[in-house]
Amino acid sequence: MYDRRKFLKLTAVTASLTAISKYAPAMPAIKAAAKNLPIVISTWDFGVAANKEAWKTLEKGGRALDAVEAGVKIPEADMNNHTVGRAGYPDRDGKVTLDACIMDEFGNCGSVAAMENIAHPISVARLVMEKTPHVMLVGDGATQFAVEQGFKKEKLLTPESYTAWQKWLKTAKYSPVLNIENKQHRPGSKYNHDTIGMLAIDAKGNISGACTTSGMAFKLHGRVGDSPIIGAGLYVDNEVGGATSTGVGEEVIRNVGSFLVVELMRQGYSPEDACKEAVNRIIKKKPETAKEIQVGFLAINKKGEYGAYAIQEGFSFAVCDEKQQDLLIPGKSFYKEKK
Ligand code: SD4
């Protein structure tokens with residue numbers, strides 16, 4: 001029998017769906033021709049050396065995915081860098097735990113978090129993406145997978161990091177105060193966050209990204225920040241662009257920061273404006289917290305245009321393309337602009 005009530009319900013649903021599709025903002029891919037390709041950009045001053053490594057792949061016409069993996073392995077291996085990879089500062093229990101993720105032009109992604117004893121988490125993240133049906137492996141499972149894939153287990157805590165940890169233990173209150181640890185990364189610098197996030201577009205116009213860190217120094221054991229979380233620390237959509245973040249990961253996760261930046265670019269925001277809007281979102285939700293912390297976003301769109309924005313001044317990003325291989329640009333910031 002014909003059920004009129006069912007029919008009315010169905011008509012109403014169909015009508016509202018039509019209304020949504022009619023009035024919802026279009027979600028266009030960015031179509032204009034890209035310039036300056038290939039190109040690679042990354043966070044902080046050590047991004048310059050990392051970009052140069054990535055460039056070796058890009059200039060030969062190689063894939064952006066290979067470029068970003070090779071690029072971020074430079075700070076991961078750097079014994080003087082206490083915020084990424086080998087020689088990263090440990091957590092409160094003296095354990096070095098690493099986080100990383102990677103994403104390619106097809107929307108494939110892989111991630112490891114809180115992984116110990118493996119120096120190149122980005123390469124393990126890539127293998128999670130390529131060789132497992134999963135996106136993310138954590139802790140012992142990540143280390144076990146890495147060993148099965150042929151990675152060597154090694155001690156990541158260097159004598160220098162051990163000394164810094166011991167010094168921190170003398171004065172530290174054993175409570176998770178956001179950002180307090182990072183003030184100690186480089187003497188004299190109040191807001192120093194040094195995760196490397198890298199985004200590249202290859203000669204074919206394909207985008208990939210990578211993000212890798214030892215996280216907040218002296219964090220609680222088991223704490224994971226934004227860096228290995230797809231959508232928070234990194235996001236790539238090959239139709240639109242890519243974004244990555246650095247700083248206090250908790251605030252980036254709360255706002256799904258990198259995904260937000262990419263979606264804003266999809267709606268027509270420039271990379272810098274998209275980063276600025278994501279920063280504003282963080283400040284608006286927690287204005288008092290935001291005064292005390294650093295978060296920076298870096299983004300690139302399909303046209304090869306890039307931009308960045310941070311809460312505090314002091315953020316910088318590195319750019320490398322055919323014209324310039326070692327450009328370091330100071331990022332704009334909310335608090336600097338307000339002064
Ligand atoms: C995190 N965003 O673990 C990362 C690390 C960072 O300064 O940038 N720390 O929250």
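For the structure itself, consult the block above.
What counts and what doesn't
Residues numbered from 1 in each chain as written. Predicted model: local features only at pLDDT ≥ 70, side-chain atom pairs only at ≥ 80, totals over all residues. Heavy atoms only, no water. Buried < 20%, exposed > 50% of the residue type's maximum accessible area, 1.4 Å probe, protein only. Helix = DSSP H or I, 4+ residues; strand = E, 2+ residues; numbered from the N terminus. Pairing = 2+ DSSP bridges. Axes fitted to C-alpha atoms, helices over the stretch in contact; angles between N-to-C directions. Patch = residues over 30% accessible without salt bridge, like charges linked within 9 Å, V, L, I, M, F, W, Y side chains within 5 Å. Areas by Shrake-Rupley, 256 points an atom, 1.4 Å probe, with all protein chains shown as cover. Salt bridge = Lys/Arg side-chain N within 4 Å of Asp/Glu carboxyl O.

Participant: I'd like a description of the pairing of strand S9 (residues 295–301), backed by residues and values.
Facilitator: Where burial is concerned, most of S9 is hidden: 7 out of the 7 residues are buried. Neither face of S9 is left uncovered, since the one carrying Val 295, Phe 297, Ala 299 and Asn 301 and the one carrying Gly 296, Leu 298 and Ile 300 both have all their residues buried. Where strand S8 (residues 241–247) meets S9, 7 bridges bridge the pair, whose relative direction is antiparallel. Bridging across to S9, Thr 244 finds its partner in Leu 298. As defined by bridge partners, S9 adjoins strand S10 (residues 306–310) across 5 bridges and the pair is classed as antiparallel. Each residue of the ladder has a partner; that of Ala 299, found in S10, is Gly 307. The turn linking S9 back onto S10 is made up of 4 residues, and Gly 304 within it adopts a positive phi angle of 90°.

Participant: Can you explain the sheet that holds strand S3 (residues 109–115)? Please cite residues and give values.
Facilitator: Spatial ordering of the open sheet is given by S4-S3-S2-S6-S5-S1-S11-S12, a layout of 8 strands whose pairing is mixed. A single partner strand is all that each edge strand has here, and the edge strands are strand S4 (136–138) and strand S12 (327–330). In this sheet, adjacent strand axes meet at a mean angle of 10° when their direction is disregarded. In this structure, strand S11 (residues 316–321) lies alongside S12, joined through 4 bridges in antiparallel fashion. Its bridge partner being in S12, Val 319 is matched across the sheet by Leu 327.

Participant: How would you explain a nonpolar patch on the surface if you had to name every residue and give the values?
Facilitator: A cluster of nonpolar side chains, Val 135, Met 136 and Val 138, forms an exposed patch at the surface whose accessible area comes to about 230 Å². With a relative accessible area of 48%, Val 138 lands in the partly exposed category.

None of this, on its own, says anything about what the molecule does.
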